[in-house]
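Working through the structure, step by step
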Amino acid sequence: MLDEGRRRAARGADVVVGFAECHGRPHTEAMLGSLETVSRAHCSYRGGRFEEMDLGAVLDRRPQVAIVDEFAHSNVPGDGRNPKRWQDIEALLEAGVDVITALNIQHLESLNDVVEKITGVPQHETVPDEVVRRAWQIELVDMPPEGLRRRMAHGNIYAPEKIDAALANYFRPGNLTALRQLALLWVADRVDEALQEYRSQHGIGRIWETRERVVVALTGGPEGDTLVRRAARIADRSAGGDLLAVHVARSDGLAAGVSHASLVRQRRLVEDLGGSYHSVVGDNVATALVEFARAENATQLVLGTSRRGRLARFLTGPGTGETVTELSGDIDVHRVTHERAGRGTLLPSRRRTLSTARLIAGPVAGLVLPVLLTFVLAQLRGSLNLTSEALLFLLAVVGVACIGGVVSAVIASVTASLLLNYWFIPPIGAFTLDDPNALVALGVFVVVAAIVAVVVDRSLRLSRRSARATAEAETMSSLAGSIVRGDATIPALLERTRETFGMESADLVDEPPDTAGTTAVPAGSGAFLVLRGRTLSASERRVLAAFAAHVGSAVERARLAEAAAEVEPVKAADRLRTALLRAVGHDLRTPLAAGWAAVTSLRSRDVAFTDEDRDELLATADESMAKLNRLVENLLDLSRLEAGALTLNLRPTSLEEVLPMALADLAEVRVGDVENIPAVLADPPLLERVIANLAGNAARHTPPGEQMLVTASVLAGRVELRIVDRGPGLPVDGRERLFEPFQRLGDTDNTTGLGLGLALARGLTEAMNGTLSPEDTPGGGLTMVVSLPMAGQTVGAEPTEQSVGGAW
């Protein structure tokens, strides 16, 4: 990380170190020495002192590149900091600052439990994988386990007293080898994503066998578990192989009568084996499977052998397996046998739709089947009567109706009636229409055959419609499952839509394009969901409209969230304004009324005041005007800070110079030894205001008979001034509200002021590059810690003027 920063700095980039933890390693510190480093923020938590990255200082510096170590670090709570270091980095990225950072493989959220199983050590600091994947570039720093252990043994990583324990525990060769493999596989996934994006952008449809990707087709049948486990074994043969399970939901019913309970169970099995489950829509199962496999750059496709028997395969032609094999091209196809192979389906078959093959086979059967039946019955002449022969012909017509529908049934009924009349109704060998009974029989035969054909055809149409509804519901159920699992972000929904319909891309645009090969549907809020690829059927467009509605809802939610985020500062300002008006209505009126009453009394000619009364009234007027002046100055200073219009005169300032004036109005105060404390870089009048506000607040909460304490110390190049009271203290969860304007936590006396003192004190302190934080006082009470940078070598230098504001 530091080497990359030095390389960019050598090329002229503006590089600063926002935070780098050297852990006392000389080689690391040597590399850090030539880079500009932003001062760290000091903070306290539960009695301890800590250093964190000063996000505000880095943002104010605004370099081209910031180096920020320990990507997964958890920040010390308090002072408005983000909970996680990666959130600080996102804030820098939003401000236009490029960031170079580093983390170990064990800190990735998805691998947290795996690392704990390997090493036995739980990792409490993690980063979401999605945050890391958004990085513009990821570089894997790889080293063989023995090389890392040699570096450790040479003292390049840990202190000598820690080396033996580290090598014998966490850094065992087996642990390091496993962690190294995890890192290689995770980065390989990231590279694979980039490859998929490149292939999509350049329209590359050929399979690039960069890694094994095994797709297993699931129908929801009982053989699914066997297929999933077989595909998982194939994927495991090569390190880093991917397992993808896909189910085709068909609008024409071929895959609609499946067991949804089996699909749910098989989906859980796929996910338990480390694979991913997908559901796609397609008119043709074989085509949909091959298109999905090509879109995912799959190298192998696993199918189950057909559950149809030999007779069914003979009558209906090649099945999905044979067709997939023909279409697969350079994708290897595995057809796995199972216990249900050739034994038919367990559930009622939904294969009752009029495909092209059946539209051709129906009329042919309507002509051929009655002829074949006539030949058979002619051989049995004399053993059957006319009624039995007519019923057999009627059965043949019903069979033809099941194959080809009404038209085929009419052809079969006419053919059968003619054959029945010629071969089986006397006189045999001639067509006769003289016998009324024969005419009635033929008429009834034709009518019954037509009615049966219509009923069968209607039943098939209803079955097809029900199957289509089932397939659409299944697809929407899969989408709803993704939303419930938290995949409802707009990019995730778009990818889900593209994947489900087997398209090349899915985008959200304001204006639908007028180009061939695109399908656009409204998604609400003036947006359109645009798919590029094949032409969608009407049923698929209905499902796509539902997908678009979900995408539109996600867009609307995102817009509402953005609007709510924009409104929140306005609401905060409104709350601040309301609090100001309420406070001003009382706190400014009180000293104004007291001073006005004193002056009015002095001007009155009706009362003769003694000298003592006159002095008391003048003192009251003076005190009221002084209090009013302080309140107005606090309000003005607070507004200047918010507007960025407060000009500072920073110069070396001794505490001995500031403390007497700041504590002049307080009686019960004890000041520690500050003679040997170095000067700080501050604005003297503003520092005096800070100390006076803090001391006044502490004096109000110090019980009678107790003294408030002011002491100072030096730590890491900074001076820490502590104002200690012995009051009731304050809970941890209320300390941040303590610094909000117009807050008087714990005060029951509304005459104590506007509640601006602590807010102004923090704002002025941070404007002088300092921090103000509360701590518990040992034995009870609250301690306010003001931390300011030491003047150092700047003593005697010219004063520095700068305009600040808004940062606090």
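Heads up: the structure comes first, above all this text.
Figured I'd write up the structure that's included with this text.

Rules and cut-offs
- Residues numbered from 1 in each chain as written.
- Predicted model: local features only at pLDDT ≥ 70, side-chain atom pairs only at ≥ 80, totals over all residues.
- Heavy atoms only, no water.
- Axes fitted to C-alpha atoms, helices over the stretch in contact; angles between N-to-C directions.
- Helix = DSSP H or I, 4+ residues; strand = E, 2+ residues; numbered from the N terminus.
- Parallel < 35°, antiparallel > 145°, perpendicular 65-115°, else oblique.
- Left-handed = near helix turned anticlockwise from the far one by under 90°.
- Contact = heavy atoms within 4.5 Å.
- Nonpolar A, V, L, I, M, F, W, Y, C, P; charged D, E, K, R; others polar.
- Pairing = 2+ DSSP bridges.
- Patch = residues over 30% accessible without salt bridge, like charges linked within 9 Å, V, L, I, M, F, W, Y side chains within 5 Å.
- Areas by Shrake-Rupley, 256 points an atom, 1.4 Å probe, with all protein chains shown as cover.
- Salt bridge = Lys/Arg side-chain N within 4 Å of Asp/Glu carboxyl O.
- Lys, Arg positive; Asp, Glu negative; His and termini not counted.
- Charge placed at Lys NZ, Arg CZ, Asp CG, Glu CD.

Remark: helix α21 (residues 655-662) packs on helix α22 (residues 684-701), axes separated minimally by 9 Å, with the N-to-C direction vectors making an angle of 50°. One finds that α21 runs oblique with respect to α22. Our pair here, α21 against α22, has a crossing hand that is right-handed. Seen from α21, the contacting residues are Leu655, Glu657, Val658, Leu659, Met661 and Ala662; seen from α22, they are Pro684, Leu687, Glu688, Ile691 and Ala692. When its residues are assigned to classes, the contact of α21 with α22 shows nine nonpolar, no polar and two charged.

What follows concerns the sheet that holds strand β1 (residues 15-19). Within the open sheet, the four strands sit side by side as β2-β1-β5-β6. Their pairing is parallel. Of all strands in the sheet, those bounded by a partner on one side alone are β2 (36-37) and β6 (98-101). Bridge count between strand β5 (residues 65-68) and β6: four bridges; the pairing is parallel. Each residue of the ladder has a partner; that of Val65, found in β6, is Asp98. Relative to the sheet, helix α4 (residues 85-94) contacts β1, β5 and β6, its axis offset from that of β6 by approximately 150°.

Turning next to a negative patch on the surface. Negative charge collects at one region of the surface, where Asp611, Glu612, Asp613, Asp615 and Glu616 lie side by side. Following the sequence through the fold, Asp611 ends up in helix α20 (residues 611-643).

Time to look at the pairing of strand β18 (residues 708-715). Pairing between strand β16 (residues 669-671) and β18: three bridges, direction parallel. The residue of β18 that forms the bridge with Val671 is Val710. Relative to strand β19 (residues 718-724), β18 is paired through seven bridges, and the arrangement is antiparallel. The residue of β19 that forms the bridge with Ser713 is Glu720.

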